[in-house]
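Summary of structural features
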Amino acid sequence: MKFHLAINLERMSASEDMAAIAKHTLEMVQMADKAGFEIVWAAEHHALEMTIAPNPFQLLTWWAQHTDRIRLGCGVVNAAYWHPINLAGEAAMLDLISGGRLEFGIGSGAYQREFDRMKPGLAQQDSWRFMQEALPVVQKLWAGDYAHEGENWSFPTATSCPKPVQAEVPVWVAARSPITFDYAVKTNSHIMSWPLTMPFAEAEKYRSQLDEAKATHNPDFSKTFAMMRHTAVYDNAADGQAAMDAIRGVLGQFGNLMMKKGDVVNGFPDPVPLESLEGNVRVDPTSLEQNLMFGSPDTVVGKLRQYDGIGVDAFIYYASMGLDMDRQKRSLQLFIDNVMPEFA
């Protein structure tokens, strides 16, 4: 099993210093680079202090200059917010500057609130059409001159400037539903899945969807199947309680965004009562401790073996959940020292 890091510039209150947050985030990326993590992922979100990532390629280019070997993944760009020519050029520029370390992740977004501002009139559930049109267009622009007449974009002959350094840029698709697994398999793309706070059975469901897509579309599919979970490794009760308090606080804000049940003031979502959340999240402490990658090093090793057992090729350690910076670093170091060696 390989290991990836997903991390955001995360500001949970107006009192937090942005420069300190940036410094901390880079230090976490550097820890992962030195420890042998394969990929670091930067998201795309807009007008939200809890995930400051208006352009993942900016973040990844910054991290590239301060790391040696870790690969650099946009996890993921929202295709509906980009013009394909712009997207192809931005991604290729990162590949050039980083010496060929780009991992290109593309998806269809999460929060309707963002669509209402970035792509007014588009419903989140319909944005997959933009993703499925954009990916082949970007790849053709990387290859050379190309003119496009499509449902969402049309343009005369153009190309990507610069071109990627890599002859074939690794492509990742964010998948949680049958339609996205089908698309990933048909396009021979790597897959990243996130069960949110749902039980392990949700991960097993994703595995089943992948197997069904392979059987239908591409039995020889062998790309990476990666799974992301919020992660906190701790060796004392105080750190465990801090992690639980942090994730429950984030879930209150996440519920606001997913369900449009509260206001967002100056970039900070008002938390909604946890008992009001339903569907794709579990919020009670017992379920969270069981479902997330929380626990002592031995507990986390045991949980990871479950994912290994269903054929997960890479685990994405999601570090950002409102936890204080010192505890984030302690957790990551415990993971590096006591968990990763068990999967060497």
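Residues numbered from 1 in each chain as written. Predicted model: local features only at pLDDT ≥ 70, side-chain atom pairs only at ≥ 80, totals over all residues. Heavy atoms only, no water.

Applying the stated criterion across every chain yields a total of 18 aromatic pairs. Here the aromatic rings of F57 and W82 are separated by 5.7 Å at their centres, their planes lie at 85°, and the arrangement is edge-to-face. Here F57 is found in helix α2 (residues 56-64), whereas its partner W82 is found in the loop between β3 (71-78) and α3 (84-97), with 25 residues between them in sequence. W82 carries the same exposure label as F57, and that label is buried. Ring centres 6.2 Å apart and planes at 40° place the aromatic pair F181 and Y206 in the tilted group. (Phe/Tyr/Trp six-rings, centres within 6.5 Å; stacked < 30°, edge-to-face > 60°. Helix = DSSP H or I, 4+ residues; strand = E, 2+ residues; numbered from the N terminus. Buried < 20%, exposed > 50% of the residue type's maximum accessible area, 1.4 Å probe, protein only.)

Here we take up the environment of A80. One can find A80 in the loop between β3 and α3. Separated by 42 residues in sequence, A80 and L122 place their C-alpha atoms 8.8 Å apart. Among residues more than four places away in sequence, those in contact with A80 are F115, K119, L122 and F130. (Contact = heavy atoms within 4.5 Å.)

What follows is about unusual backbone geometry. Here the bond from G75 into V76 is cis, since omega is 0°, no more than 30 degrees from zero. One can find V76 in strand β3. One non-glycine residue with positive phi stands out, namely A47, at about 65°. Mapped onto the elements, A47 comes out in the loop between β2 (39-42) and α2.

For the structure shown, the criterion picks out two cavities of 30 Å³ or more. The volume enclosed by the largest cavity comes to roughly 50 Å³. Considering the residues around the largest cavity, the lining is formed by A232, V233, Y234, D239, A243, L323, R327 and S331. Those elements that provide at least two residues to the lining of the largest cavity are β9 (225-233), α8 (237-259) and α11 (325-339). For the lining of the largest cavity, the residue count by class is five nonpolar, one polar and two charged. Taken together, M28, T231, Y317, A319, M321, L323, Q328 and S331 make up the full set of residues lining the second largest cavity. When grouped by side-chain class, the residues that make up the lining of the second largest cavity number five nonpolar, three polar and no charged. (1 Å grid on protein atoms, 1.4 Å probe; cavity = no way out; pocket = protein on both sides within 12 Å on 5 of 7 lines; lining within 4 Å. Points joined across faces, edges and corners; volume = space filled by probe spheres on them. Nonpolar A, V, L, I, M, F, W, Y, C, P; charged D, E, K, R; others polar.)

You can see F315 is positioned in strand β13 (residues 314-318). With a relative accessible area of 0%, F315 lands in the buried category. Setting aside residues up to four positions removed in sequence, F315 forms contacts with M1, K2, F3, H4, M227, R229, T231, M293, L304 and F335.

Let us now look at the layout of surface pockets. The volume enclosed by the largest pocket comes to roughly 1200 Å³. In terms of lining, the largest pocket is formed by 49 residues, of which the most central are G109, A110, A174, R176 and W194. Elements with a minimum of two residues in the lining of the largest pocket: β2, β3, α6 (178-186), β8 (190-193), α7 (200-217), β9, α8 and β13. Sort the elements by how many residues they give to the lining of the largest pocket and α8 lands first, with four residues. Its residues assigned to classes, the lining of the largest pocket shows 26 nonpolar, 18 polar and five charged. The volume enclosed by the second largest pocket comes to roughly 300 Å³. Looking at the second largest pocket, it is lined by 19 residues, and the ones nearest its centre are Q139, W142, E168, V169 and V171.

A few words now on the packing of helix α10 (residues 297-309) against α11. It is at 10 Å that the axes of α10 and α11 come closest, and there the two elements cross at 70°. Between α10 and α11, the angle is such that the two are roughly perpendicular. In this structure, α10 contributes P297, V300, V301 and L304 to the contact, and α11 contributes L334, F335, N338 and V339. Within the contact of α10 with α11, the residues separate by chemical class into seven nonpolar, one polar and no charged. (Axes fitted to C-alpha atoms, helices over the stretch in contact; angles between N-to-C directions. Parallel < 35°, antiparallel > 145°, perpendicular 65-115°, else oblique.)

Moving on, we come to a nonpolar patch on the surface. On the surface, a cluster of nonpolar side chains totalling about 330 Å² of accessible area is made up of M93, L96, I97 and V165. Relative to the helices and strands, I97 resides in helix α3. (Patch = residues over 30% accessible without salt bridge, like charges linked within 9 Å, V, L, I, M, F, W, Y side chains within 5 Å. Areas by Shrake-Rupley, 256 points an atom, 1.4 Å probe, with all protein chains shown as cover. Salt bridge = Lys/Arg side-chain N within 4 Å of Asp/Glu carboxyl O.)

Our next topic: the pairing of β2. With burial as the criterion, each face of β2 is covered, one bearing I39 and W41 and the other bearing V40 and A42. Two elements, strand β1 (residues 2-6) and β2, share three bridges in a ladder whose sense is parallel. Across the sheet, residue H4 finds its bridge partner in β2, namely I39. For the crossover from β1 across helix α1 (residues 18-35) to β2, the handedness is right-handed. Judged from the four bridges that link them, β2 and β3 form a sheet pairing that is parallel. Pairing of I39 across the sheet is with R71, part of β3. Regarding the hand of the β-α-β motif, the stretch spanning β2, α2 and β3 is right-handed. (Pairing = 2+ DSSP bridges. Right-handed = clockwise from strand over helix to strand, strands pointing away.)

Keep in mind these values describe shape, not function.
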